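# Chain and residue survey
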Amino acid sequence: MPDMEHGEYASRLAGVRGRIEEAAKRSGRDASEVVLVAVSKWHGAASVRALYEAGQRDFGESYVQEALAKAEELSDLDARWHFIGGLQTNKAKFVAGGFHLVHSLDSIKLARALHNRAEAAGAVQDVLLQVNLAGEEQKRGLAEDEAARLLEAAGDLPGIRPRGLMTMPPFSEDPEASRPLFARLRKLRDGLERKFGLDLPELSMGMSGDFPQAVEEGATLVRVGTDLFGPREY
Ligand SMILES: *Cc1c(COP(=O)(O)O)cnc(C)c1O
């Protein structure tokens, strides 16, 4: 059983899409440039199916075993699975080549592991570099100079393809508190593109609390859980 009535998934989805459209309009962007990733962690397969039936296609998961079990159970759906959580190197083998996009690449060691596994599988894994802009101790992610070093190393790792950057600002009640960090992620991306002559089109930023601000600052992927699925039960 899904957590909510079917009609509620459709109306929540319409609400989030509407807010993405308004934010895009305010900033002179087209909403079609923004992919909504529905973060389904801790919500069961039936809830994912209900949101899929309402028209959602991209889903994000944070835990490897949970993600694989759900993708397996929903293998009849034409869904795209994103991996957005912290990934231990020894679990890279379960992820490489199997996800549409990994948002959470945060070390050279993990880059090598994903490359090795993807290459062995004859695949190329698209990845985003997760950057910890506020330098929060408890949060994963690369410092800005480490992101540059990782991109340099990735030049020798054809099993992964860097597509852009991801960030998760410190939690705040005020969505405007995230805006300067979103703007900084975009500037960092622009600088890295120039420095390495790379195309890094994707910016994964914005969650339930602050996705309109992220869209205004250039997000191409927003990761929304609670606003679509309701609260997560511990
Ligand atoms: C859980 C999670 C989200 C979704 O958070 P909500 O506040 O429920 O929208 C987004 N990104 C990451 C990396 C997450 O772990």
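All figures in this text were calculated on a predicted structure; none of them were measured in a lab.

Take the overall build of the chain next. Helix and strand counts for the chain stand at nine helices and eight strands. Since a compact globule built from 234 residues should have a radius of gyration of about 17 Å, the 17 Å found for the chain is in line with a globular shape. C-alpha extents for the chain along the principal axes are approximately 50 × 40 × 30 Å. A total of 234 residues make up the chain; the buried ones form 49% of that total. Contacts spanning at least 24 positions in sequence make up 61% of the contacts within the chain whose residues lie at least 6 apart. Of the roughly 11100 Å² of accessible surface on the chain, 48% is carried by carbon and sulfur atoms.

Every residue lining the ligand is accounted for by V39, K41, S62, I84, M168, M207, S208, R223, V224, G225, T226 and R232. The side chain of R232 places a nitrogen or oxygen atom 2.8 Å from an oxygen atom of the ligand. In the complex, 90% of the free accessible area of the ligand, which totals 390 Å², lies under the protein chains. The pocket occupied by the ligand, as judged from atoms lying within 2 Å of grid points, is the largest pocket. Tallied by class, residues from the shell around the ligand come to five nonpolar, four polar and three charged.

A rise of 1.5 Å per residue sets the reference length of helix α7 (residues 179–196), with its 18 residues, at 26 Å; its end C-alpha atoms lie 26 Å apart and thus fit the reference within 8%. Taken as a whole, α7 has its buried residues at L181, F182, A183, L185, L188, R189 and L192. Against the buried residues of α7 lie β5 (125–131), α6 (144–154), β6 (160–167), β7 (202–204) and α8 (211–216). Among the residues trailing α7, G197 stands out with phi positive, at a value near 60 degrees.

Attention now goes to the packing of aromatic side chains. The full count for this structure, using the stated rule, is four aromatic pairs. Between the aromatic rings of Y9 and F229, the centroid separation amounts to 6.4 Å while the plane-to-plane angle is 70 degrees, which identifies the pairing as edge-to-face. Here the residue Y9 occupies a position in helix α1 (residues 6–26), and F229 occupies one in helix α9 (residues 226–229), the gap between them amounting to 220 residues. When its relative accessible area of 1% is taken as the criterion, F229 is described as buried.

Each value, and the rule that gives it
Residues numbered from 1 in each chain as written. Predicted model: local features only at pLDDT ≥ 70, side-chain atom pairs only at ≥ 80, totals over all residues. Heavy atoms only, no water. Helix = DSSP H or I, 4+ residues; strand = E, 2+ residues; numbered from the N terminus. Rg over C-alpha atoms; globule rule 2.2 N^0.38 Å. Buried < 20%, exposed > 50% of the residue type's maximum accessible area, 1.4 Å probe, protein only. Contact = heavy atoms within 4.5 Å. Areas by Shrake-Rupley, 256 points an atom, 1.4 Å probe, with all protein chains shown as cover. Near = heavy atom within 4 Å. Polar contact = N/O pair within 3.5 Å; in protein donor to acceptor, adjacent residues only side chain to side chain. 1 Å grid on protein atoms, 1.4 Å probe; cavity = no way out; pocket = protein on both sides within 12 Å on 5 of 7 lines; lining within 4 Å. Sits in = over half its atoms within 2 Å of the grid points. Nonpolar A, V, L, I, M, F, W, Y, C, P; charged D, E, K, R; others polar. Expected span 1.5 Å × (residues − 1). Phe/Tyr/Trp six-rings, centres within 6.5 Å; stacked < 30°, edge-to-face > 60°.

So, to be careful, I would describe these as geometric facts and stop short of saying anything about function.
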